Structure formats: C-alpha cells, structure tokens
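The lines below spell out each chain.
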Amino acid sequence: MSASKIPTSALPARAGLGLKPEHYETILADRPDIGFFEVHAENYMGAGGPPHRYLEAVSALYPLSLHGVGLSIGAAHALDKAHLKRLRGLIDRYRPQSFSEHLAWSTHDTGFLNDLLPLPYTPETLARVIDHVDETQQALGQRLLLENPATYVLFADSTIDEADFLAAIAERTACGLLLDVNNVMVSAVNHRLDAATYIDRFPVELVGEIHLAGYDEAVDDAGDRLLIDTHGTAVKADVMALYEHTLARSGPLPTLIEWDNDVPDFVTLQTEAARADAMLAAEALGRNKRRIRAA
C-alpha cells in the first residue's frame, strides 16, 4: 500500500478529552457532549480485561483518537516490529479516527527510557525519521500524525529548522502533523524564541489534530524561566492565546485537552473542553461571516 493510498479519517473539529479509568463510569452513564476521546495506545496492549471492556463501550459512542508514546520513531536503530504489530492489533480492533506519535526517541539498544527525548535536526536524522514514518504507516495501514516535541535543550548539530523538518517528513511520507500548542510555548520560552512566530511558520494545512495542556514553571541556573511540559494543570492563559492565534491561521481543528497527571474530576475536564469548544465555534462563525460578506 503506497502512502497516498493509506486511509485518512478525521476527528470532528471539536474539543476532545483523554479517556481516564476514573471517569469510565461517568462517561457511560452521562454521555457528556464531548467531541472525541483519546487514549494512549500502550495502556491498551493487553489482550482483554476491564480496560478493553470500557474502551469498547466508549468507542461505540464517541470518535476515538489513538496516541502512541512508545514507538521511538526518532531512534537510531530499527523500529520494534513487535510493538508495531501490537499497534496494528489495536487499530484493527477499534478503527480509530486518528493515530498519532511523537517526533522523539525513547529506546536505546534493548533499554527503554521513560521519556520522550529530542533529536538533532540534520539530513541524517531526517532520512531516518522518514524511513520510520513510512514503515509505520505501511505496517498500520493508517495515516500517522507526527507531533512536535517540547524541548529543553538545542543541538549544536541541528541544521534544519523544526517546522521545516516536520514539513519535509510530511511531504515525503504523506503523513499528517499533530500541532501541540503547549509544546510550542514550552520550547519557545525555554529557548528564548517567539511562539507566535513558530506558529506563523508552521505548515498548518498539514495539521490533523491540536493538543493543549498545562505546564509547570521553574527557574534555570541562570535565573531565567523554565517551562516543564507536565500535563498536570489547566491550560495556561498564554497557551490559550497562542491557540487562538493558531486557529486564526488553521481554522477549526480537532483539539485535545491533555491532563495526564493529578487528574481532576470529570466536570473540571469538561470545563476545559468547553473553553476550547467556544474558541472553535467563534473561529468557525467568524469564517462563515467573512465568507458570506465576500460572496
């Protein structure tokens, strides 16, 4: 199957939430007005049990986004074919509307690192990631959305701008992109860059999903702000402003609220989703009014 023939499906241009075990019963009982739910693929790689029973019930009611965190697509060695096989099994079982992974690596030789580590943006790493994205899409039979990372260091060896690096991967593989707006803010503050300028350069026409999340703030050894991508708080005001800036360029897109640590009650998550839904609706309305005036 060539990349151009890989099936492409789409989530609704609504706000979605991460599906958490503590909220299974609430979701199934109340059936809240949420655009979609997203799960981390690695949490559902067992053969059965309660996680699959609940996911089957939720995915029968809502669109599903499958988000991988363990493929290590930027690693210097070959992809783990057993991991790809498990991912294919999940995709065949649940038929998610979206599958995404990170522009990062987390494995070395036979070891696994519990983190998403950055890679230098060089022609060598570009060629390797292109090969890995191609292999992944062929193995899964589904288009991949590749996510921009949150970074804390820059590599002296990098010769390609990050947005250009991601655009080149998408051009060569026909994959899509996942734009994590919180990651943009974290990286921009940490490297003293302008987040809005990054968004202005990003190929938003290739974006199939947006992520929003909360960050924590610290101070580095030089006394400067250091943002940490923790997914443990509500989305900060500066990230929401950057999201609004993004929507002005991209138009309404499926938007996930990520809250993976110190998970609150479901009402709090619904409130976060409603904030994003309101911004999506406002952007859609504004575009419709401009279209009518131009007609």
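Above this text you will find the structure in question.
Attention here is on the structure that accompanies the text.

Thresholds, definitions, all that
- Residues numbered from 1 in each chain as written.
- Predicted model: local features only at pLDDT ≥ 70, side-chain atom pairs only at ≥ 80, totals over all residues.
- Heavy atoms only, no water.
- Salt bridge = Lys/Arg side-chain N within 4 Å of Asp/Glu carboxyl O.
- Helix = DSSP H or I, 4+ residues; strand = E, 2+ residues; numbered from the N terminus.
- Buried < 20%, exposed > 50% of the residue type's maximum accessible area, 1.4 Å probe, protein only.
- Contact = heavy atoms within 4.5 Å.
- Pairing = 2+ DSSP bridges.
- Axes fitted to C-alpha atoms, helices over the stretch in contact; angles between N-to-C directions.

**Concerning the pattern of salt bridges**
Then, number 1: All chains considered together, the criterion is met by 15 salt bridges.
Then, number 2: The partner of lysine 81 in a salt bridge is glutamate 135, and the shortest N-O contact between them spans 3.3 Å. In this pair, lysine 81 is assigned in helix H3 (residues 81–94) and glutamate 135 in helix H4 (residues 123–140), connecting sequence segments 54 residues apart.
Then, number 3: For lysine 81, a relative accessible area of 58% gives the class exposed.

**Topic: the environment of valine 58**
Then, number 1: Note on placement: valine 58 falls in helix H2 (residues 50–59).
Then, number 2: For valine 58, a relative accessible area of 2% puts it in the buried group.
Then, number 3: C-alpha separation for the pair valine 58 and threonine 246, spaced 188 residues apart in sequence, amounts to 30 Å.
Then, number 4: Setting aside chain neighbours within four positions, we find valine 58 in contact with Leu19, Ile27, Leu28 and Phe37.

**Re the sheet that holds strand E8 (residues 176–180)**
Then, number 1: Read once around its circumference, the closed barrel built from eight strands follows the order E1-E2-E3-E4-E7-E8-E9-E12, with strand pairing classed as parallel. Recorded for the sheet is a direction-independent mean angle of 30° between the axes of neighbouring strands.
Then, number 2: Bridge count for E8 against strand E9 (residues 207–213) is four bridges, and the pairing is parallel. From the neighbouring strand, leucine 177 faces E9, where its bridge partner is valine 207.
Then, number 3: In this fold helix H6 (residues 181–190) packs onto strand E7 (144–147), E8 and E9, with an angle of close to 60° to the strand it touches most, E8.

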